[in-house]
Amino acid sequence: MAKKNLKDLNVKGKTVLVRVDFNVPMKDGEITDDNRIRQALPTLKYLIEQDAKIVCFSHLGRVKKAEDKKGKSLKPVSEKLAEYLEKPVTFIPETRGKKLESAIAALKPKEVLMFENTRFEDIDGSKESKNDDDLGAYWASLGDIFVNDAFGTAHRAHASNVGIASHSEESAAGFLLEKEIAFIGDAVNNPQRPFIAILGGVKVSDKIGVIKNLLEKADMILIGGGMSYTFLKTQGIEVGTSVVEADKLELAEDLLKNAYGKIVLPLDFKVTKEFSNEEAVRVVDVNDFKEDEMGLDIGPKTMEKYQKLLKNARTVVWNGPVGVFEFSNFSQGTIGICQTLANLEDATTIIGGGDSAAAAIKFGFEDAFSHISTGGGASLEYLEGKELPGVTCLDDRT
Ligand code: AMP
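Computed from a prediction, not measured in an experiment: that's the story for all the values here. (Residues numbered from 1 in each chain as written. Predicted model: local features only at pLDDT ≥ 70, side-chain atom pairs only at ≥ 80, totals over all residues. Heavy atoms only, no water.)

Caption draft 1: The arrangement of the sheet that holds strand β13 (residues 282-285) in detail. The strand order β13-β12-β14 describes an open sheet built from three strands, whose pairing is antiparallel. Unpaired on one side and paired on the other, β13 and β14 (294-298) mark the two borders of the sheet. Each strand of the sheet is rotated relative to its neighbour by a mean of 45 degrees, with strand direction disregarded. Bridge analysis of strand β12 (residues 268-272) against β14 gives four bridges, and the strand direction is antiparallel. If you follow K270 over to β14, its bridge partner there is D297. Docked against the sheet, helix α10 (residues 300-310) engages β12, β13 and β14, running at close to 145 degrees with respect to β12. (Pairing = 2+ DSSP bridges. Helix = DSSP H or I, 4+ residues; strand = E, 2+ residues; numbered from the N terminus. Axes fitted to C-alpha atoms, helices over the stretch in contact; angles between N-to-C directions. Contact = heavy atoms within 4.5 Å.)

In structure tokens form, the structure reads like this:
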């Protein structure tokens, strides 16, 4: 059933609690990729326009012990948010207590407050991550309405999403959450055909659920990345020192057997002798691996074949880079997939978060796709056909 969205709410003068996903990569206190902050702006700007009092919050990294707090404050994020909103954002370095409560009580319509990393509540008994009921109830008591816009954590039932929703009188999806669900949900459940999936990344084991679900829904699955070698190994192909999951061979063989020919494996590879960008690189056909060579990217014949197969696609979902894109010698395959998808004229193209999203953004394709998901784990679970607790917990639209 469709969930309530922002437009279903009357937020004027109300205190709206907004769970955003500001779990952004940081280095030495600097945000290195602020995509998730930018993606949350439509919801926050809409609430400002509608005269809401806005309290936003997020987790940032993992915090299990007091020492883990170092470098995990959301203060720099609140400063970046203020820049994008072009208005002050009051940052309260607490997750509960008098100071936070009085600051929220003093908010005026259109004002924005952000409180500290919700995972600081994990130090004493994982209250946030274990969805402690009292914590959810407390956070819910700080506002009138709950809006969840954090797709990246929607696959987890935490106090800051499911907990708050279960204690709020009214809850709804933010624009980003709604957009993610619409794009990924439509692609998988109601795709324009041909519907082609591209799956890469290191391991088959991380993507078993996705492969199984997509085998039922997609017309074809193009495989790249480290997971190729486990599949090839089941065919008796020698893949040198490439990553192979020895304990997943049987499973990979079963997947291939039940794929009705829908799984397409690479024909050639770029190989080298060390997991490094410094060694000599060779292009080899699938049967020509030397014992001491590892495949770190798909080769040009594979690229050509995948380009042909993708040419008429109307829906493409991509999860996982097809090579070690972090090394310039092995980024060509992933860049080639980006280019191919960017050139498709009549297709919905979706990148399912994580490393493939990071790669697409790194190589300058940020605006070239219909949708780049902000959630790695969440989009994988959604592609697997699982329900996301952070969505299920929201009010249904009546
Ligand atoms: P995942 O998180 O499973 O999507 O995996 C992403 C990672 O897979 C990236 O860091 C890539 O460097 C890595 N990767 C892609 N292809 C290979 C490969 N052939 N061998 C080892 N790692 C790979």
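Caption draft 2: Structural view of the sheet that holds strand β17 (residues 371-372). Strand order in the open sheet formed by six strands is β11-β10-β9-β15-β16-β17, with parallel pairing between adjacent strands. The open sheet terminates on both sides in strands that have one partner only, identified here as β11 (263-264) and β17.

Caption draft 3: Here's a closer look at the packing of α10 against helix α11 (residues 332-343). Axis separation between α10 and α11 bottoms out at 10 Å; the angle between their running directions is 20 degrees. As summarised for this structure, α10 and α11 are arranged roughly parallel, according to the angle between their axes. For the crossing formed where α10 meets α11, the hand is right-handed. When α10 is examined against α11, the residues M303, Y306, Q307 and L310 are found in contact with a partner set consisting of G333, G336, I337, T340 and L341. Class assignment for the residues of the contact of α10 with α11 results in five nonpolar, four polar and no charged. (Parallel < 35°, antiparallel > 145°, perpendicular 65-115°, else oblique. Left-handed = near helix turned anticlockwise from the far one by under 90°. Nonpolar A, V, L, I, M, F, W, Y, C, P; charged D, E, K, R; others polar.)

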